[in-house]
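# Results of the structural survey
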Amino acid sequence: MLKVYAFSTPNSVKVPIALEEMGLEYELHGVNIRKGEQKAPEFVALNPNAKVPVLVDGELVLSESAAILVYLAEKSGQLLPASGPARARTFEQLFFNAAGLGPAFGNAGFFRKFAPEPIPLAIDRFGNEAVRIVGVLNDLLASQEFVAGDVLTIADIAHFGWLWRRQFAEVPIDGAPNVQRWYDALEARPAFQRAIERTTALASG
């Protein structure tokens with residue numbers, strides 16, 4: 001049985017979404033980062049970087065949400081084209097998420113919510129970058145249904161995580177109709193709804 005260690009975070013939700021879409025059975029274990037449980041010795045033994053999510057599949061213990069998504073896609077043969085331009089586009093978006101969207105949204109939220117005192121330069125830098133990235137996605141989605149082309153891939157799941165928690169970063173998508181259309185379509189999928197419900201419940205425990 002696959003085991004997922006997670007919390008109600010943008011990166012965590014990606015893994016249950018992928019598993020639900022793939023129809024794979026899994027156990028979801030909460031790691032309450034609000035209580036510092038990610039720093040407990042038993043969790044650090046799984047991930048020395050002390051961050052969620054973590055996937056355990058037998059002897060394999062894997063961290064980093066993008067790596068987990070790729071592993072699950074290759075394990076199941078789903079949501080990742082086997083070869084060619086479509087596969088390359090999927091990885092392009094995964095790297096764009098890891099290097100661009102995730103850091104921009106995460107830092108925008110941090111400096112707006114958790115900085116001991118306001119740092120306008122940091123807020124403007126990351127907030128504006130997050131808005132710019134939404135614009136890039138909006139232009140991309142003007143000509144295709146999903147971020148890597150015309151079929152759902154793990155790249156869509158990767159981007160969805162932070163857009164699901166966009167209120168934390170205070171980044172609106174009202175002015176990005178193509179992103180809004182894409183987001184609403186994903187959020188309406190039964191697999192996404194099941195995963196969101198299970199992941200959100202981790203914060204109430």
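Provided above is the structure to which this section pertains.
Figured I'd write up the structure that's included with this text. (Residues numbered from 1 in each chain as written. Predicted model: local features only at pLDDT ≥ 70, side-chain atom pairs only at ≥ 80, totals over all residues. Heavy atoms only, no water.)

### Details of the packing of helix H4 (residues 84-113) against helix H6 (residues 154-164)
For the pair H4 and H6, the least separation of the axes is 9 Å and the interaxial angle reads 10°. Accordingly, the angle class assigned to the pair H4 and H6 is roughly parallel. For the pair H4 and H6, contact is made by Thr90, Gln93, Leu94, Phe96, Asn97, Leu101, Gly102, Phe105 and Gly106 and by Ile154, Ala155, Ala158, His159, Trp162 and Leu163, respectively. Residues of the contact of H4 with H6, tallied by class, amount to nine nonpolar, six polar and no charged. (Axes fitted to C-alpha atoms, helices over the stretch in contact; angles between N-to-C directions. Helix = DSSP H or I, 4+ residues; strand = E, 2+ residues; numbered from the N terminus. Parallel < 35°, antiparallel > 145°, perpendicular 65-115°, else oblique. Contact = heavy atoms within 4.5 Å. Nonpolar A, V, L, I, M, F, W, Y, C, P; charged D, E, K, R; others polar.)

### Observations concerning the sheet that holds strand S4 (residues 60-63)
The pairing of strands in a sheet happens through backbone hydrogen bonds and is either parallel or antiparallel. Taken in spatial order, the four strands of this open sheet run S2-S1-S3-S4, and their pairing is mixed. With partners counted over all chains shown, the strands left at the sheet margins are strand S2 (26-30) and S4, one partner each. Put simply, the sheet's adjacent strands are angled 20° from each other on average, direction ignored. Pairing of strand S1 (residues 2-6) with S2 involves five bridges; the strand directions are parallel. Across the sheet, residue Leu2 finds its bridge partner in S2, namely Tyr26. Packed on one face of the sheet, helix H3 (residues 65-76) meets S1, strand S3 (54-57) and S4 and runs near 130° to S4. (Pairing = 2+ DSSP bridges.)

### Re the packing of aromatic side chains
Taken as a whole and assessed by the stated rule, the structure comprises nine aromatic pairs. Taken together, a centroid distance of 5.1 Å and an interplanar angle of 85° make the contact between Phe110 and Phe111 edge-to-face. When its relative accessible area of 37% is taken as the criterion, Phe110 is described as partly exposed. Connected via pairs of aromatic rings, a cluster forms that spans Phe105, Phe110, Phe111, Phe114, Phe126, Trp162 and Phe168. In this structure, Arg166 is placed above the aromatic ring of Tyr183, and the distance from its NZ or CZ to the ring centre is 4.7 Å. (Phe/Tyr/Trp six-rings, centres within 6.5 Å; stacked < 30°, edge-to-face > 60°. Buried < 20%, exposed > 50% of the residue type's maximum accessible area, 1.4 Å probe, protein only. Lys NZ or Arg CZ within 6 Å of the ring centre and 35° of its normal.)

### Considering the side chain of Glu21
With respect to the element layout, Glu21 can be found in helix H1 (residues 10-22). A distance of 2.7 Å separates the side chain of Glu21 from the side chain of Arg189, its partner in a polar contact. (Polar contact = N/O pair within 3.5 Å; in protein donor to acceptor, adjacent residues only side chain to side chain.)

### Let's talk about the pattern of salt bridges
Counted under the stated rule, the structure contains seven salt bridges. A salt bridge links Asp57 to Lys75; its shortest N-O distance comes to 2.9 Å. Residue Asp57 is located in strand S3, and its partner Lys75 is located in helix H3; the two are separated by 18 residues in the primary sequence. Assessed through its relative accessible area of 19%, Asp57 is described here as buried. Here Glu129 makes a salt bridge to Arg132, at a shortest N to O gap of 2.9 Å. In this pair, Glu129 and Arg132 both sit in helix H5 (residues 120-140), three residues apart, roughly one turn of the helix. (Salt bridge = Lys/Arg side-chain N within 4 Å of Asp/Glu carboxyl O.)

### Here's the deal with helix H8 (residues 177-187)
What H8 keeps buried is the set Val179, Trp182, Tyr183 and Leu186. All buried residues of H8 project into a common sector of 95° when viewed along the axis, lining one side. Check the buried side of H8 and you find it contacts H5, H6, helix H7 (166-169) and helix H9 (190-201). (Arc of directions from axis to C-beta.)

### Some details on the pairing of S3
Of the two faces of S3, the one lined by Val54 and Val56 and the one lined by Leu55 and Asp57 are each fully buried. Two strands pair when backbone bridges link them, and S1 and S3 are joined in this way by three bridges, in the antiparallel orientation. Its bridge partner being in S3, Val4 is matched across the sheet by Leu55. Relative to S4, S3 runs antiparallel, the two being bridged by four bridges. Residue Asp57 lies in a different strand from S4, and its bridge partner there is Leu60. What sits between the antiparallel neighbours S3 and S4 is a turn of two residues, in which Gly58 has the positive phi angle 65°.

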